[in-house]
Amino acid sequence: MTPDTISAQIIDYANRADPYPLYAELRKTPVRREDDGTYLVSTYYEVRSLANDPRLSNDTRNRPPGYARPGQPAEESGLPPGFIFTDPPVHDRLRDTINRPFGPPHSPRFLDALRGDLTKVVTELLDAFEGKDQVDIVEDFAYPLPVTAICKVLGVPREDEPRFHGWADALAAALDPRPGGDDAEQKGQQARQELGSYLADLIETKRRHPGPGILSALAPDMTPADLEATAVLLLVAGHETTVNAITNTTLTLLRHPDILERFQKEPDLAVPLIEEVLRYEPPVQFVTWTTALADIDVAGTTIPKGSPVWLMLAAANRDPKRFKDPDRFDPDRKDNEHLGFYTGIHYCFGAPLARIELHMAVPELFRRVKFSGPLEDPPPYRTNAVLRGPRHLPVAIEGLTS
Amino acid sequence: MSADTDVEVLRRQGRIVVVGASLAGLRAAETLREQGFTGSLTVIGDEPYEPYDRPPLSKQALLGRARPEDTALPRRRDIDAVWRLGVAAEGLDRDAKQVRLANGDTVAYDRLLITTGTRARPWIHPEEAGLDGVFVLRTRDDSARLCRKLTGGVSRVLVIGAGFTGSEVASACRELGLEVTVAERGPAPLVGALGGVVGAVADRLQRRHGVDLRCGISVTALEGDYVGRLRRAHLSDGSAIDVDVAVVSLGAVRNTEWLAGSGLAAGPRGIACDAGCRVFDVNGIVTDDIYAAGDVARSPHPLFDYQFLSLEHWGNAVEQAEIAAHNMICAGPDRRPHLWLPMFWSSQFGVNIKSVGVPPLGDQLVVAQGTLGEERFVAVYGYRGRVIAAASFDGAKWLGFYQQQIESGAPFPPEYRTVDRRTETLEPVDPAFPDPHLPTHGPTVTLTGHSPSERRIKFVPSHA
Ligand SMILES: Cc1cc2nc3c(=O)[nH]c(=O)nc-3n(C[C@H](O)[C@H](O)[C@H](O)COP(=O)(O)OP(=O)(O)OC[C@H]3O[C@@H](n4cnc5c(N)ncnc54)[C@H](O)[C@@H]3O)c2cc1C
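Residues numbered from 1 in each chain as written. Chains lettered and ligands numbered in written order. Predicted model: local features only at pLDDT ≥ 70, side-chain atom pairs only at ≥ 80, totals over all residues. Heavy atoms only, no water.

Per an unreviewed UniProt entry, the recorded name for chain B is FAD-dependent oxidoreductase, and the organism is Streptomyces broussonetiae. For the record of chain B, the UniProt heading Cofactor (unreviewed entry) holds the text "FAD". (UniProt positions renumbered as here; feature names shortened; annotations may be inferred.)

In the nomenclature of an unreviewed UniProt entry, chain A is known as Cytochrome P450 of Streptomyces broussonetiae.

Take a look at the structure:
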């Protein structure tokens with residue numbers, strides 16, 4: 001990747017706070033070839049059609065040698081890829097199995113049953129704002145909630161968070177296609193191995209003494225390696241995405257005081273508002289790990305077999321051919337079929353959980369907290385270009401209602 | 001007065017009558033209002049209910065998960081219509097522009113939309129059809145009655161015909177823990193809709209779920225006891241089985257009889273209309289004031305050799321109704337064609353089955369993804385070297401892609417690699433559709449035209 005390519009600019013931290021002009025530039029060439037043979041797809045209909053195209057593989061082992069292979073285990077870690085980096089039939093088998101304890105039709109009440117606990121967490125986190133005149137939305141609110149949620153879902157002890165936090169961060173960083181990413185990749189592999197063995201021990205315990213959470217439920221149905229890989233994936237995904245979604249929502253609302261004012265009067269606005277944030281500032285900005293299994297004709301371009309393909313979800317979400325006035329944040333938008341959670345067979349597994357968390361967190365945050373505004377705008381962002389979101393969001397607050 | 005001012009007057013103060021108060025009728029009425037029609041709107045339906053949804057009737061409703069009376073179709077908007085429910089339309093006078101109702105009333109129209117759909121094909125012997133325990137399944141009342149019966153303690157259910165509805169009924173029975181025998185004249189379940197190759201998968205699925213499936217067999221007689229309760233069924237192989245319920249699932253009959261004598265091209269195969277949903281008269285001349293949509297309509301489709309297609313698909317009813325409504329209140333150049341790609345879904349024995357395109361037109365088939373053996377696959381149908389249809393078992397997410405392949409006339413068999421493709425080369429096989437001249441339970445898509453190479457036109461002087 002040469003530094004002047006558009007993908008390099010997207011990855012460049014300097015553009016993290018506002019990548020949208022770059023995405024607009026990108027959309028002028030809906031299917032764009034980078035010098036290294038990577039194809040960037042940035043328009044809505046093209047992204048959607050490719051995400052549903054059986055000729056596109058999520059298994060990066062299908063890339064010819066010489067191309068980055070995100071998601072692939074290094075030889076020594078010994079773990080199979082997480083199901084997001086697999087194709088059917090393996091993908092379908094794993095996902096179906098994991099779905100069983102997680103959601104309908106087999107476990108229709110599983111997620112719903114988490115609501116009570118999560119409400120309590122939200123209340124406690126917000127109570128702790130009492131007496132402060134400034135808080136960091138990320139550290140003090142948006143991060144602790146999803147971590148608690150994913151621990152509950154998996155049945156991982158919340159007290160272990162300090163241990164796996166670092167591993168999860170390193171793994172997420174390895175997804176980021178930074179130039180000179182070898183180091184991050186290596187750290188990622190190491191983290192994967194360490195997190196893996198932590199979880200392997202936990203799973204082993206759960207096999208003997210089943211407890212709440214899906215790891216216990218799955219232990220009898222999955223091989224240790226598959227379950228371990230799945231646990232790693234879910235733990236990381238549970239860490240890094242919803243945090244950004246909650247933070248992005250907060251920041252977007254603070255930037256749109258008129259809508260915030262309406263929201264405080266009309267709690268029902270939460271549903272379309274949260275969907276609109278997922279379109280407008282999606283927590284997963286693009287997907288870098290798909291590969292063409294055959295020559296694919298899209299929008300007048302042929303993506304040759306073997307090419308890495310990046311699906312630019314955030315760019316597609318602001319495609320004026322699909323969304324009217326796409327750079328406007330508009331919770332009244334009709335027909336908001338955004339790609340914030342991707343689409344097709346790899347549609348975000350955690351989407352129902354993420355929506356529950358957002359719906360617990362966001363209305364309560366704005367009901368209880370009186371904000372004066374962000375202390376820094378733009379706030380400092382995380383380095384990650386794929387899982388994009390503020391690293392901190394310091395805000396001034398005027399008070400708290402009960 | 002120009003045609004355009006006519007349309008303007010029509011939109012403001014015209015009289016539109018919709019005959020058939022179900023899915024297509026309701027969606028058309030909503031679309032008319034949506035598009036600014038402010039004249040009078042009358043919806044005539046012979047059932048006493050406001051429009052309700054049918055797909056759940058053979059699925060959730062039989063399992064007691066949704067009460068049949070709870071399947072009312074959600075309203076997209078207020079339609080401010082005069083509802084004439086519980087009264088059938090009995091005739092059409094095109095000269096007087098009037099619909100005649102069974103109670104003697106007449107209703108005048110400027111534009112008429114016909115959405116009278118289909119009804120269940122009844123059991124062949126009327127006196128046997130009248131036995132207590134013999135059911136068909138099309139309406140809310142049918143479903144409620146059958147549901148009551150199934151949950152009231154029965155020893156064995158006989159399903160006659162293993163098309164989609166019959167198979168769904170069998171699935172529900174098994175889920176309720178009932179013994180069920182399915183008798184199918186063809187070689188496999190779903191054979192009319194998806195062919196024998198895919199039918200063989202449905203066959204295994206049914207047997208694995210404990211269905212006593214008998215293919216290549218027809219029911220010859222239903223026998224009752226002295227008080228008229230069903231007791232036994234006789235089969236063409238000479239055997240007999242004791243049953244107290246029989247569900248007749250032999251496909252559908254189009255509700256067109258009431259149009260006899262109207263001069264419209266309406267007959268047992270449906271009402272012929274153009275791609276804009278305008279109905280033809282018996283001479284093949286298009287009318288401009290009468291439209292048809294939904295299960296009762298048949299219209300030519302350019303993707304399928306301009307064959308007249310008649311579809312029994314929920315999605316088609318919605319789409320066609322919307323197009324018909326739009327065209328009814330538009331000037332010529334603003335009209336839109338109904339070029340919907342047929343799409344159908346079903347769920348049975350825990351499997352989601354879906355198809356796009358017109359499988360029965362296929363002369364070849366390949367399994368493009370997954371395998372038949374795992375009961376999780378996408379089968380692609382070819383017709384003269386082009387992709388014409390696809391059907392999936394638990395693979396519906398891929399069908400959007402195959403839909404594009406159909407729409408773009410992609411070559412068949414597909415050469416490219418895909419995820420979950422198990423073999424290096426795809427060897428096309430015969431999809432094994434039964435001879436179209438033999439009666440079946442109904443394939444849900446029927447080619448009702450004739451091949452352009454045949455010369456079969458004959459002049460029909462009066463009624464179709
Ligand atoms: C049990 C069942 C399960 C189904 N499952 C599926 C499925 O899973 N997927 C799918 O795609 N499709 C399914 N379908 C098909 C789908 O329901 C139909 O395609 C759809 O209902 C067609 O709508 P329609 O409005 O054209 O016709 P209909 O729903 O048939 O409505 C026609 C209406 O007109 C009335 N009528 C008839 N004659 C007259 C008259 N002379 N005067 C006044 N009123 C009259 C009828 O009583 C009826 O109410 C199913 C159908 C049934 C019966």
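What follows concerns the overall build of chain B. Helix and strand counts for chain B stand at eight helices and 29 strands. Here chain B has a C-alpha radius of gyration of 23 Å; the compact-globule value for 464 residues is 23 Å, and the two agree. Seen along its three principal axes, the alpha-carbon backbone of chain B occupies a region of about 70 × 60 × 45 Å. Sequence separation of at least 24 residues holds for 66% of the intrachain contacts in chain B that already meet a minimum separation of 6. About 19,200 Å² of surface is accessible on chain B, with carbon and sulfur atoms providing 50% of the total. Separation of charge centres in chain B, based on 51 positive and 57 negative side chains, amounts to 1 Å. (Helix = DSSP H or I, 4+ residues; strand = E, 2+ residues; numbered from the N terminus. Rg over C-alpha atoms; globule rule 2.2 N^0.38 Å. Contact = heavy atoms within 4.5 Å. Areas by Shrake-Rupley, 256 points an atom, 1.4 Å probe, with all protein chains shown as cover. Lys, Arg positive; Asp, Glu negative; His and termini not counted. Charge placed at Lys NZ, Arg CZ, Asp CG, Glu CD.)

Let us now look at the UniProt feature "domain: Reductase C-terminal" (unreviewed entry) in chain B. When the UniProt feature table is mapped onto this chain, "domain: Reductase C-terminal" (unreviewed entry) is found at residues 344-415 of chain B. Helix makes up 12% of residues 344-415 of chain B and strand 50%, whereas the separation of the span's terminal C-alpha atoms amounts to 26 Å.

What follows concerns the UniProt feature "domain: FAD/NAD(P)-binding" (unreviewed entry) in chain B. Under the local residue numbering, the UniProt record ascribes the feature "domain: FAD/NAD(P)-binding" (unreviewed entry) to residues 15-321 of chain B. Across residues 15-321 of chain B, the secondary structure splits into 21% helix and 32% strand, with the terminal C-alpha atoms separated by 17 Å.

Here we come to the site of the ligand. Residue and element names in this part refer to chain B. Close to the ligand lie 30 residues; Asp46, Glu47, Arg54, Lys59 and Asp295 are nearest. Side-chain polar atom of Asp46 to an oxygen atom of the ligand: 2.5 Å apart, as the coordinates give it. Between Thr118 and the ligand, the recorded distance is 3.4 Å, taken from a backbone N or O atom to an oxygen atom. Bound to the protein, the ligand loses 95% of the 1,000 Å² it would expose on its own. (Near = heavy atom within 4 Å. Polar contact = N/O pair within 3.5 Å; in protein donor to acceptor, adjacent residues only side chain to side chain.)

On inspection of all chains with the given rule, the structure shows 23 aromatic pairs over all chains. On the numbers, 5.5 Å between centres and 70° between planes, the contact of Phe85(A) with Trp289(A) is edge-to-face. With Phe85(A) in the loop between strand E3 (56-57) and helix H4 (90-102) and Trp289(A) in strand E5 (residues 287-292), this residue pair connects regions lying 204 residues apart in the sequence. With relative accessibility at 6%, the residue Trp289(A) sits in the buried group. Through pairs of rings, three or more aromatic residues link up here, namely Phe83(A), Phe102(A), Phe110(A) and Phe349(A). Sitting over the face of the ring of Tyr280(A), Arg318(A) holds its NZ or CZ atom 4.0 Å from the ring centroid. Its guanidinium or amino end placed over the ring of Tyr49(B), Arg140(B) lies 4.5 Å from that ring's centre, counting from NZ or CZ. (Phe/Tyr/Trp six-rings, centres within 6.5 Å; stacked < 30°, edge-to-face > 60°. Buried < 20%, exposed > 50% of the residue type's maximum accessible area, 1.4 Å probe, protein only. Lys NZ or Arg CZ within 6 Å of the ring centre and 35° of its normal.)

Facing the 13 residues of chain B at the interface are 17 residues of chain A. Overall, the association of chain B and chain A removes approximately 1,400 Å² of surface from exposure, summing both partners, and the carbon and sulfur fraction of that is 61%. Ranking the residues of chain B by area buried against chain A places Trp398(B), Arg417(B) and Val419(B) at the top, with a combined share of 42%. Linking chain B with chain A are two salt bridges, by the criterion used here. Arg376(B) serves as the salt-bridge partner of Asp92(A), at 3.3 Å between the closest nitrogen and oxygen. In this assembly, chain B and chain A are joined by four residue pairs in polar contact (both at pLDDT 80 or more). Ranked by the residues each element gives to the side of chain B that touches chain A, the list is headed by helix H8 (residues 399-407) of chain B, at three residues. When the residues that make up the side of chain B that touches chain A are grouped by side-chain class, the tally is five nonpolar, three polar and five charged. (Buried area = accessible area lost by both parts, 1.4 Å probe. Salt bridge = Lys/Arg side-chain N within 4 Å of Asp/Glu carboxyl O. Nonpolar A, V, L, I, M, F, W, Y, C, P; charged D, E, K, R; others polar.)

Here the focus is the pattern of salt bridges. In total, this model carries 57 salt bridges over all chains according to the counting rule given. Arg322(A) is paired through a salt bridge with Asp335(A); the nearest N and O atoms lie 3.5 Å apart. Highlighted residues: Arg322(A) in the loop between helix H15 (313-316) and helix H16 (351-368) and Asp335(A) in the loop between H15 and H16, separated in sequence by 13 residues. Exposure remark for Arg322(A): the relative accessible area of 15% places this residue in the buried category. Look at Asp335(A) and you get exposed, because its relative accessible area is 52%. When the shortest N-O distance is used, the salt bridge between Lys97(B) and Asp289(B) registers 3.0 Å. Residue Lys97(B) is located in the loop between strand E4 (89-93) and strand E5 (98-101), and its partner Asp289(B) is located in strand E21 (residues 286-292); the two are separated by 192 residues in the primary sequence. Judged by its relative accessible area of 27%, Lys97(B) falls in the partly exposed class. Salt bridges linked by common partners bring Arg156(B), Glu179(B), Asp212(B) and Arg214(B) together as one network.

The subject of this paragraph is the confidence of the model for chain B. Chain-level statistics for chain B give a pLDDT mean of 92 and a share of 93% at 70 or above. Residue range residues 451-464 of chain B is modelled with pLDDT below 50. Its contacts to residues more than four positions away, or to other chains, number 14 contacts. (pLDDT = per-residue confidence, 0-100.)

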